[in-house]
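Chain by chain, the residues:
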Amino acid sequence: MTDRARRGDLESGREEELALLSCEQADAAVAEVDAEYRKQCVYRAEGVEPLEYFQALSSYAEAGDHLLTRLRFDPSPAGLRLWSFVFSERKRLFAARQGGLKIFAVMKDLGTMPVLTYALAKAVTFYADELWWSPCLMEDTRLLDAAEAMGCHDQCCYVRAALGAYELHSHFPEPDLSIAAVGSCCDDFSAIMQLIAGRGHKTIFWELPLRKDRAAHISREQFAKTFDGESWYQRRALDFLVRQFERVKLAVEQVAGEQIREEMLRESIRRANKVRKLVRQIRDLAYGTVPAPLAGLETMLCEFLAIHYCSDPIQCAAVLEDVLKVVRQRVELGQGVLGGGAYRTVWAMPCTDPSIVQLWEKMGGCVTGTEYLISHSRYRIRTDGAPLRALAEAVLNDPCIGTTAFRAQRVVEEVRKYQAEGVIIPSIFGASHCSYEIREISSAVHRQCGVPVLSFEVPFSSKGVSDQVMGRLQAFAELLEQRRKKAGTN
Amino acid sequence: MGADEKHSELTAELREEIGRFRQSQVQSLQAQGKVVGCLGSMVPLELVRACGCRAVRLLEAGSAQDFEAAAELMGADTCPFCRCQIGRRLGGRSPQAELQVLVAANHCDQSRRSGQVFGQHFNVPLLPIMVPATWEDQSSLEMYVSELRWLGEELAQITGTFPSQSRLEESITAYGAARRAVGGLLEQLGNTPVLAHELVCLLGVADPVSLVGFVAQVRGQVARLASGESVAGDRPTVLVVGSIMGDEDISLLKALEGRCRVVQATCSGRMFVDLQVELKGGDAIEGLGRAYWEQLPSVRSRPNSPFYHYVNEMIQRYKVDAIVYRSLKFCDLWSLEAVRFKQEISLPVLALDCTYGPGQASLVDGRVQALLEMVEEARR
């Protein structure tokens, strides 16, 4: 909770609740935004025709992401710009290809490899994994069907949509190189990355090392702590990772026809740190203030921008700066987009179906902390020493390459930091890590924080949130209400 | 007594002998130093033994009961093999119940995580080792060897016995002899794959020196069994590849038995037996690491071309007519590769996604029969 937490204001009735907009209302709001502001919202890259992206959200819905018509949006221009920016990524990628830029698809490391590739000016990088929520956004099984035809059935995570997108050439141009992180990662996505490579897409694999925990019986390993993120790791893992990065760097340079010099990499790290700082600031205010100045989905979009800038590092920083400005203003004015009495919950997985987050908010809940499997993408990257080594070190903050207990601890820290009343784990059937993590996270949260945990599987549905999920969320809200009454905090 | 009856009798006798030997080996576990469970084919038993421990490669799995027992600790969508490791410990079954240390490799996400559950829930010290999935760069092999050195040092801290060059050489020689002994019998047991599988599983739990003695003892019986198989030459040869096969996970092998000649080439089959470490006087840990690295191709490798190379080699070596590609339910690394495998291999492939449930046997039986009918038809 930040110093400016508004519990006091809440009690004195100073809070003001801002209404979220329907898609139709958002379109009207976009139309009213002045031309000067709109002019700032343009993707520019050498050789690429400038591309304005601040458009009616319904146009993105019409282009395929139909769920947008059922979501509600932050009323500020900055919030609407954020949505437009995220959903225009596909256009940017195709424009970049037309403009002759190199296209890199990165997979699984979620936050580090793009810092290397964005050291090149004439390159664009995107995460194929991000297609994971597309079936729900599209309310359509096309990507999943295409993946299934190649053997990726419903026993594996929705991330299989990435394979479908590679096959259909629907969401991104053919990458010049796919950079796949394997090793200590989930089995289903490892298999998917192999299938992608097996289909003839030019791919380089690199290794995510196994990060070991310090334990009493492990005495012959030398451990060190990451620069930021405070993650213990065995030193040998870092040396190994540096060699992995050297390999990838060489492959990237060969594709780009340009060498990545140290100063280019330092500049890219500086840019990454700027974005990461913005995300941290937004999170802290959004999750740590009552009433919440930014809703769960908008904050989630900001968090995900840190992993690859949505294919435009410059606009990404501008979008985040804009959002931060609005959030700060709201905190100053005591304005929130959700009621001050919302049930404070940490989300320990990103939700495949974003409408579930809004359903929870509608039921009186809010998101006040997250562990979206990308928490390593918000820590600072070291700026002293060799930049490639600094990047390698940043990988070692990844919550998924070590023990389940490590990630559970990250969730616990979020609960404590933002004084959450509960934890929600929207899991994915068949994702190799989920079934192991739920018990561990639940047990750690119960034991260390004494707050309840709700976990449920998110089913794919083109007809809205299932009754079962709705019922579970409702029951959880009631449980949190009862706990408040019992504690006399209501 | 007819030839078939005699064959059945000999098979039953051998199974009993294997069972008795296995039992005696399990009972002697505690008497030979710390009992160290090795989860994954890339944890070298030779190294663990050289540290004064009794190495047990965890191959015990396959019962629905063990699978169910683990439900309290693991989700429904988890690998049956991994679940059984936990379930057996919960049920007090050997050798999982006797383990004092667990070495778990990150062969797959689930073996990594189930190792953590095992260590944490049963308060068993866990030594996790990294086995890189990548192999195209020398750094991956070096990392693996470095992990083995570390493992040796950690085990030495626990046991007080350092894996010196001479201890390693002795251990490598012992396991080499045991593998060769078992391998020699396998060539004669192609028509009795269940028996062959039980014999291979002994390599995981038995002391290698005792195992060599046991093999010498039953060699004559195996030869008699093989000589009585008059029709063996006419049968098609089926290669079995796929997820690890636990000792009680035999429904597929049962379905194949008597119908074809079987080459079981999973990591708990031929691959486990054929591994040989050549010392040539060099650093023993490096030699060990290199042998495991080069001789155990995995579907999990990225890219996984060495696995396909291995399968093609086996097809040539054993003149294979058809392949059963068997994955365990929720074993993504195998099950998601099935369609591609069928496209890459130019032989009839039966892809099975198996569980340890009770209805499995009849389902597998029907599909195996259909495959073999197709193969027979093609051979005519």
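Look a little higher up for the structure.
For clarity, every value in this text was computed on a predicted model and none was experimentally measured.

Colleague: Quick question: what am I supposed to make of the overall build of chain A here?
Modeller: Along its length, chain A carries 20 helices and 14 strands. Counting only C-alpha atoms and orienting by the principal axes, one finds that chain A spans roughly 65 × 60 × 45 Å. Classification of the 490 residues of chain A by burial places 66% in the buried group. Pairs at least 24 apart in sequence give 75% of the contacts found in chain A among residues at least 6 apart. Carbon and sulfur atoms form 48% of the exposed surface of chain A, whose accessible area is close to 17100 Å².

Colleague: I keep staring at the nonpolar core and nothing clicks. Help me out?
Modeller: In globular proteins that are soluble, nonpolar side chains generally tend to be buried together. In terms of nonpolar packing, the biggest core is built from 182 residues, with I179, W206, W360 and L473 of chain A touching the most fellow members. For this core, the leading source of residues is helix α13 (residues 262–288) of chain A, giving 11 residues. With 119 residues, the next largest nonpolar core counts L45, V145, L195 and L225 of chain B among its residues.

Colleague: How should the interface of chain B and chain A be read in this particular structure?
Modeller: Facing the 57 residues of chain B at the interface are 54 residues of chain A. Between chain B and chain A lies a buried interface of about 4500 Å² when both sides are counted; carbon and sulfur atoms form 51% of it. Ranking the residues of chain B by area buried against chain A places R113, R302 and L336 of chain B at the top, with a combined share of 16%. Across the contact surface, chain B and chain A share 6 salt bridges. Residue R220 of chain A pairs with E153 of chain B through a salt bridge whose shortest N-O separation is 3.3 Å. For the pair chain B and chain A, the number of links is 32 residue pairs in polar contact (both at pLDDT 80 or more). When contributions to the side of chain B that touches chain A are tallied by element, the ones reaching two or more residues are α5 (109–121), β4 (126–129), α6 (138–159), α14 (332–335) and α15 (338–344) of chain B. With 11 residues, α6 of chain B is the single largest residue contributor to the side of chain B that touches chain A.

Colleague: I tried to follow unusual backbone geometry on my own but got confused; where do I start?
Modeller: One can expect most non-glycine residues to show negative phi and most peptide bonds to be in trans. Cis peptide bonds are those with omega within 30 degrees of zero, and the linkage from V290 of chain A to P291 of chain A qualifies with 0°. When you line up the elements, P291 of chain A lands in the loop between α13 and α14 (296–308). For K319 of chain B, which is not a glycine, the phi torsion comes out positive at approximately 50°. One can find K319 of chain B in the loop between α13 (305–318) and β7 (322–328).

Colleague: Which parts of the structure should I look at to understand the side chain of E303 of chain A?
Modeller: By secondary structure assignment, the location of E303 of chain A is in helix α14. Not counting residues within four places of it along the chain, the set of residues in contact with E303 of chain A comprises V279, R283, Y287, T370, Y372, I374, S377 and R378 of chain A.

Colleague: Which parts of the structure should I look at to understand the packing of aromatic side chains?
Modeller: Two aromatic rings are characterised by how far apart their centres lie and by the angle between their planes. Taken as a whole and assessed by the stated rule, the structure comprises 25 aromatic pairs over all chains. Ring centres of F118 of chain B and F122 of chain B lie 5.0 Å apart, and the angle between their planes is 70°; on these two criteria the pair is classed as edge-to-face. One exposure class covers both F118 of chain B and F122 of chain B, and it is buried. Geometrically, the ring pair formed by F307 of chain B and Y308 of chain B is edge-to-face, given 5.3 Å between the ring centres and 70° between the ring planes. Every member of this aromatic cluster is reached through a ring pair, and the members are F73, W83, F87, W132, W133, F304 and Y372 of chain A. Between the NZ or CZ atom of R38 of chain A and the centre of the ring of F54 of chain A, over which it lies, the distance is 5.7 Å.

Colleague: Quick question: what am I supposed to make of the packing of helix α18 (residues 404–417) of chain A against helix α19 (residues 434–449) of chain A here?
Modeller: How two helices sit against one another is set out by the angle between their axes and by the gap between those axes. Residue and element names in this part refer to chain A. Running from N to C, α18 and α19 cross one another at 45°; their axes reach a closest spacing of 9 Å. Between α18 and α19, the interaxial angle falls into the category oblique. Two packed elements cross with a definite hand, and for α18 against α19 that hand is right-handed. Here α18 contributes T404, A405, R407, A408, Q409, V411, V412, V415 and R416 to the contact with α19, which in turn contributes Y436, E437, E440, I441, A444, V445, Q448 and C449. Taken together, the residues that form the contact of α18 with α19 break down as 10 nonpolar, 3 polar and 4 charged.

Colleague: In this structure, what is going on with helix α17 (residues 387–395) of chain A? I would like to understand it.
Modeller: Within an α-helix, residues lying three or four positions from one another point in the same direction, as the helix has 3.6 residues per turn. Judged by how many residues are buried, α17 of chain A sits mostly within the fold: 8 of 9 residues are covered. Every buried residue belonging to α17 of chain A is among P387, L388, A390, L391, A392, E393, A394 and V395 of chain A, and all of these are buried.

Colleague: I'm lost on the sheet that holds β7 of chain B in this one. Help?
Modeller: Strand pairing in a sheet relies on backbone hydrogen bonds. The paired strands run either parallel or antiparallel. Residue and element names in this part refer to chain B. Spatial ordering of the open sheet is given by β6-β5-β7-β8, a layout of 4 strands whose pairing is parallel. Because the sheet does not close on itself, it has two edges, and the strands there are β6 (261–264) and β8 (349–354). Here the strands of the sheet are splayed against their neighbours by 20° on average, with no regard to which way each runs. With 6 bridges joining them, β7 and β8 adopt parallel strand pairing. The residue of β8 that forms the bridge with S327 is D353.

Colleague: Is there a simple way to explain the environment of I424 of chain A in this structure?
Modeller: All names here are of chain A. Within the secondary structure, I424 sits in strand β13 (residues 422–427). Residue classification places I424 among the buried residues on the basis of a relative accessible area of 0%. Once the C-alpha coordinates of I424 and V445 are considered, the two residues, 21 residues apart in sequence, prove to be 11 Å apart. Sequence-distant contacts of I424, that is, excluding residues within four places in its chain, are made with T345, V346, W347, A348, M349, W360, L454, F456, L473 and F476.

Colleague: Sorry if this is basic, but what is going on with the pairing of strand β14 (residues 453–457) of chain A here?
Modeller: Look at any regular strand and the pattern is simple: side chains alternate between the two faces of the sheet. All names here are of chain A. Sheet topology note: the β13/β14 ladder contains 5 bridges and is parallel. Each bridged residue has a counterpart across the sheet, and for I425 the counterpart in β14 is S455. Remark: the β13/α19/β14 crossover connection has right-handed handedness.

Colleague: What exactly am I supposed to notice about the pairing of strand β5 (residues 237–242) of chain B here?
Modeller: Residue and element names in this part refer to chain B. With respect to burial, β5 is a largely interior element, 6 of its 6 residues being buried. Two elements, β5 and β6, share 4 bridges in a ladder whose sense is parallel. Looking at the pairing, T237 lines up with R261 of β6. Traced from β5 through helix α10 (residues 251–256) to β6, the parallel crossover comes out right-handed. Pairing analysis gives 5 bridges linking β5 to β7, with the strands arranged parallel. Paired with V238 across the two strands is A322, which belongs to β7.

About the criteria used
Residues numbered from 1 in each chain as written. Chains lettered and ligands numbered in written order. Predicted model: local features only at pLDDT ≥ 70, side-chain atom pairs only at ≥ 80, totals over all residues. Heavy atoms only, no water. Helix = DSSP H or I, 4+ residues; strand = E, 2+ residues; numbered from the N terminus. Buried < 20%, exposed > 50% of the residue type's maximum accessible area, 1.4 Å probe, protein only. Contact = heavy atoms within 4.5 Å. Areas by Shrake-Rupley, 256 points an atom, 1.4 Å probe, with all protein chains shown as cover. Core = buried A, V, L, I, M, F, W, Y, C linked by side-chain atoms within 4.5 Å. Buried area = accessible area lost by both parts, 1.4 Å probe. Salt bridge = Lys/Arg side-chain N within 4 Å of Asp/Glu carboxyl O. Polar contact = N/O pair within 3.5 Å; in protein donor to acceptor, adjacent residues only side chain to side chain. Phe/Tyr/Trp six-rings, centres within 6.5 Å; stacked < 30°, edge-to-face > 60°. Lys NZ or Arg CZ within 6 Å of the ring centre and 35° of its normal. Axes fitted to C-alpha atoms, helices over the stretch in contact; angles between N-to-C directions. Parallel < 35°, antiparallel > 145°, perpendicular 65-115°, else oblique. Left-handed = near helix turned anticlockwise from the far one by under 90°. Nonpolar A, V, L, I, M, F, W, Y, C, P; charged D, E, K, R; others polar. Pairing = 2+ DSSP bridges. Right-handed = clockwise from strand over helix to strand, strands pointing away.

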